[in-house]
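Residue-level structural notes
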Amino acid sequence: MSAMKETAMPEGHSIRRLATAFQEGFLDQRLQVSSPQGRFASGASEINNHVLVASRAKGKHLFLGFAPSLDTDAGQWRWLHIHLGLYGAWTFAGDEEFHGPHAIGAPRVRIAETETAVRADAADLVWQAQQAQHEAESGEWEPLPPRGAVRVRLLSEHGVADLTGPTRCEVIDTTELAAVEKRLGPDPLLPDPDGSQRAAFIAAVRASRVTAGALLMDQSVLAGVGNIYRAELLYRAKVHPLRPGASLSARKVGAIWDDAVALMADGVADGKIITTRVEDRKEPDDQWYVYHRDGRACLRCRRTVVVADLVGRRVYWCPGCQRAS
């Protein structure tokens, strides 16, 4: 098996799917909140036996709102703030009344197949099979013990969600929630009826001499875009990642925003990032134009895709389709 080149951090579409999963599987239910690993015991105790009253996402941040009861004033809610980072993931299970995904998070989004990834996925499947077998034998659903270093477990009457490996896991109040959201830039997955978020993105990019490749990864400029969407958006716009933001026209930057809105919405619907058009695919699994295609021929012009380091992350582009000037 090939070595893993890079672990992909969950991007905004995955966090949006998580927010929906909690809305559909746990909203308005009183949850038992614990920290099997023990590292989040204090935070878990703050929201244990509270009702999940809200589930929302902005960029790569998930916010789960808890309150003592459904009629608690929103200003008094407490929020479980999660950022998965490179290694965080949620795993779900439940009875026949529970509706939710199997797992969403970084360890399940592997760029190259590796023995480690296969073992992780296999362990998840075994855990799910054990859940099903126990339910079949006992006639009732009961959550199995946590598997691995579970930071947070959310347990309802019909389902369970386990969180492992997050970069950030904390309980915050409404003021702190507002501060986190204020630091984040426009999110292409959030409604923008008056176009103000699109305009803010255009203004931020065109006011900066920082490279376009760095700006698209700056969460204060564009929330939710990670390394895959960054590479693919720039390719589709024919923009070299090292071009300064200020060198781009408002029309070009606006087109990048519009493309992000469409591509990320597709990611939410499909559960995966696919940026290639059908007519450009040489093989059925050609889902990206340049991301992780370094050393291979561009799907359009056949020039060799290259890779370089930019602000601590790899950036990919085609020298034929994405000119430096």
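Let us look at the structure shown here. (Residues numbered from 1 in each chain as written. Predicted model: local features only at pLDDT ≥ 70, side-chain atom pairs only at ≥ 80, totals over all residues. Heavy atoms only, no water.)

Considering the overall build of the chain
As a reminder of what qualifies: Every helix listed is a DSSP run of H or I at least four residues long, and every strand listed is a run of E at least two residues long, numbered separately from the N terminus. Buried means the residue's accessible area, taken with a 1.4 Å probe over protein chains only, is under 20% of the maximum for its type, while exposed means over 50%, and partly exposed covers the values in between. What makes two residues a contact is simply this: any of their non-hydrogen atoms within 4.5 Å. The Shrake-Rupley method, run with a 1.4 Å probe sphere, supplies the accessible areas, and residue values consider only the shown protein chains as cover.
Secondary structure assignment for the chain yields eight helices and eleven strands. The buried share of the chain, reckoned over its 325 residues, is 50%. A separation threshold of at least 6 residues defines the contact pool for the chain, and within that pool the share at least 24 residues apart is 62%. Element-wise, carbon and sulfur atoms account for 50% of the exposed surface of the chain, whose accessible area totals about 14,800 Å².

Considerations on the sheet that holds strand β9 (residues 168-172)
The line we're drawing: Strands were regarded as paired on the criterion that DSSP finds at least two bridges between them. Axis lines are fitted to C-alpha atoms, over the contacting stretch for helices. Their N-to-C directions set the angle, which ranges from 0 to 180 degrees.
A sheet is described by the order of its strands in space; here nine strands give the open sequence β6-β5-β8-β7-β1-β2-β3-β4-β9, paired in antiparallel fashion. Each end of this open sheet is capped by a strand with a single partner; those strands are β6 (103-105) and β9. Neighbour-to-neighbour, the strand axes of this sheet turn through a mean angle of 25°, independent of strand direction. Where strand β1 (residues 30-34) and strand β7 (residues 150-155) come together, three bridges link them in antiparallel fashion. In the sheet register, S34 faces β7, and the bridge partner there is R153. Docked against the sheet, helix α1 (residues 12-26) engages β1, β2 (50-58), β3 (61-67), β5 (89-94), β6, β7 and β8 (159-164), running at close to 160° with respect to β2.

Here's the deal with the packing of aromatic side chains
As a reminder of what qualifies: The aromatic pairing rule takes the rings of Phe, Tyr and Trp, using the six-membered ring of Trp, and pairs them if the centres are within 6.5 Å, calling planes under 30 degrees apart stacked, those over 60 edge-to-face and the rest tilted.
In this structure the tally under the stated criterion is ten aromatic pairs. With a centroid separation of 5.8 Å and an interplanar angle of 55°, the aromatic rings of W77 and W79 are classed as tilted. Residue W77 is classed as buried on the basis of its relative accessible area of 17%. Every member of this aromatic cluster is reached through a ring pair, and the members are F22, F26, W90, F92 and F98.

A short note on the nonpolar core
Operational definition: The criterion is simple. A nonpolar core is a set of buried Ala, Val, Leu, Ile, Met, Phe, Trp, Tyr and Cys residues joined through side-chain atoms within 4.5 Å.
Ranked by internal contacts, the top residues of the largest apolar core, which has 37 residues, are F201, L233, I256 and V290. Among residues more than four places away in sequence, those in contact with I256 are F201, L216, L233, L234, A237 and V239. Listed in part, the 29 residues of the second largest apolar core include L31, I47, A57 and L163.

Section: unusual backbone geometry
In terms of backbone geometry, most residues other than glycine have negative phi values and most peptide bonds are trans. A positive phi angle, close to 65°, is found at D28, a residue other than glycine. Relative to the helices and strands, D28 resides in the loop between α1 and β1. Assessed through its relative accessible area of 47%, D28 is described here as partly exposed. The backbone of H292 shows a phi angle near 60°, a positive value even though the residue is not glycine. Mapped onto the elements of the fold, H292 is located in the loop between α8 (250-270) and β10 (306-310).

Brief notes about the pattern of salt bridges
Operational definition: By salt bridge we mean one thing: a side-chain nitrogen of Lys or Arg within 4 Å of a carboxyl oxygen of Asp or Glu.
Tallied over the entire structure, the rule returns ten salt bridges. A salt bridge links E181 to R56; its shortest N-O distance comes to 2.9 Å. One end of the pair, E181, is in helix α4 (residues 174-183); the other, R56, is in strand β2, and 125 residues separate them in sequence. Among the residues examined, E181 registers a relative accessible area of 18% and is labelled buried.

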